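Coordinate inspection notes
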Amino acid sequence: MELNRYVIHDLIEYYKNQIFKILGLYESKDKNGYKFAIRISSELNQLPSIIPELNNDYRFIIVLMKVDILTEELYFLDGEHRFVKNHVMESLNILDQIKEGLLNEYDKAND
């Protein structure tokens, strides 16, 4: 896959949407929601193979850790809603920062 602005943008937006769905699964107390979160975590762990710059980005590691925490919260369904919501929203904000940085790097490299 050729990496370009659109691929970077679309991949990050896709995973933002997937992480946001975790909040809805938690709110609805979906007993199988953790399986969804495991799949998203697994996919995110493979994302650096498509976007190598993520290997050296500490913010991406934070997102991975937050998704692992969210997976655990979906498994037990006994945490505080505010805690889950905060982790989801923080992950979305961090992914926005990562996307902006990646797009800036791409633009500089292709000017």
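Note that the structure is predicted; figures quoted are calculated from it, not measured. (Residues numbered from 1 in each chain as written. Predicted model: local features only at pLDDT ≥ 70, side-chain atom pairs only at ≥ 80, totals over all residues. Heavy atoms only, no water.)

Overview of the pattern of salt bridges
Worth spelling out the cut-off: Whenever a carboxyl oxygen of Asp or Glu lies within 4 Å of a side-chain nitrogen of Lys or Arg, that contact is scored as a salt bridge. Helix and strand assignments follow DSSP, with helices taken as H or I runs no shorter than four residues and strands as E runs no shorter than two, numbered in order from the N terminus. Relative accessibility under 20% of the residue-type maximum defines a buried residue, over 50% an exposed one, and the middle range a partly exposed one, all with a 1.4 Å probe and only protein chains included.
Counted according to the given criterion, the structure contains nine salt bridges. One salt bridge in this structure joins Glu13 and Lys16, with 3.3 Å as the shortest N-O distance. With Glu13 and Lys16 both in helix H1 (residues 5–27), this residue pair falls three residues apart, about one helical turn. Residue Lys99 is joined to Asp96 by a salt bridge in which the shortest nitrogen-to-oxygen separation is 3.9 Å. With Lys99 and Asp96 both in helix H4 (residues 81–109), this residue pair falls three residues apart, about one helical turn. Classification of Lys99 by relative accessible area gives buried; the value is 12%. It is possible to trace a salt-bridge network through shared partners that takes in Glu13, Lys16, Asp96 and Lys99.

Points about the packing of aromatic side chains
The cut-off we apply is this: Here the aromatic set is Phe, Tyr and Trp, taking the six-membered ring for Trp, and pairing holds for ring centres within 6.5 Å; pairs whose planes are under 30 degrees apart are stacked, those over 60 apart are edge-to-face, and all others are tilted. Both a distance and an angle decide whether a charge sits over a ring: NZ of Lys or CZ of Arg must be within 6 Å of the ring centre and within 35 degrees of the ring normal.
Scanning the entire structure with this criterion turns up three aromatic pairs. Ring centres of Tyr14 and Tyr15 lie 4.8 Å apart, and the angle between their planes is 80 degrees; on these two criteria the pair is classed as edge-to-face. Assessed through its relative accessible area of 34%, Tyr14 is described here as partly exposed. Centroid distance Tyr75 to Phe76: 5.0 Å. Interplanar angle 90 degrees. Geometry classified as edge-to-face. Members of the aromatic cluster, each reached through a chain of ring pairs, are Tyr34, Tyr75 and Phe76. The cationic tip of Lys29 hangs over the ring face of Tyr26; the distance from NZ or CZ to the ring centre is 4.3 Å.

Observations concerning the nonpolar core
One broad trend across soluble globular proteins is that nonpolar side chains are buried collectively. For clarity, the cut-off: What we call a nonpolar core is a set of buried Ala, Val, Leu, Ile, Met, Phe, Trp, Tyr and Cys residues that are connected through their side-chain atoms within 4.5 Å. Only heavy atoms matter for contacts: two residues are in contact if any of them lie within 4.5 Å across the pair.
Counting residues in each nonpolar core, the largest one holds 33 residues, and the members touching the most others are Ile19, Leu44, Leu47 and Leu74. Listed by contribution, the elements that provide at least two residues to this core are H1, helix H2 (33–46), helix H3 (58–76) and H4. In terms of residue count, H1 provides more of this core than any other element does, ten residues in total. Residue contacts for Leu74: discarding those within four places in its chain leaves Ile22, Leu25, Tyr26, Asp30, Gly33, Tyr34 and Ala37.

Some points on the packing of H3 against H4
Helix-helix packing: each pair is described by the crossing angle between the helix axes and the interaxial distance. Going by this rule: Between N-to-C directions, angles cover 0 to 180 degrees, with each direction set by a line fitted to C-alpha atoms, over the stretch in contact for helices. Our angle categories are set so that under 35 degrees counts as roughly parallel, over 145 as roughly antiparallel, 65 to 115 as roughly perpendicular, and the remainder as oblique. By definition, any crossing whose near helix is turned counterclockwise from its far helix by less than a right angle is left-handed, and any crossing with a clockwise turn is right-handed. Only Asp, Glu, Lys and Arg are considered charged, only Ala, Val, Leu, Ile, Met, Phe, Trp, Tyr, Cys and Pro nonpolar, and every remaining residue, Gly among them, polar.
Direction vectors running N to C along H3 and H4 enclose 155 degrees, while the axes themselves pass 10 Å from each other. Classed by the angle they form, the pair H3 and H4 counts as roughly antiparallel. Here the hand of the crossing between H3 and H4 comes out left-handed. In this structure, H3 uses Arg59, Phe60, Ile62, Val63, Lys66, Ile69, Leu70 and Glu73 to contact H4, whose residues at the interface are Phe83, Val84, His87, Val88, Glu90, Ser91, Ile94, Leu95, Gln97 and Ile98. Tallied by class, the residues present in the contact of H3 with H4 amount to eleven nonpolar, three polar and four charged.

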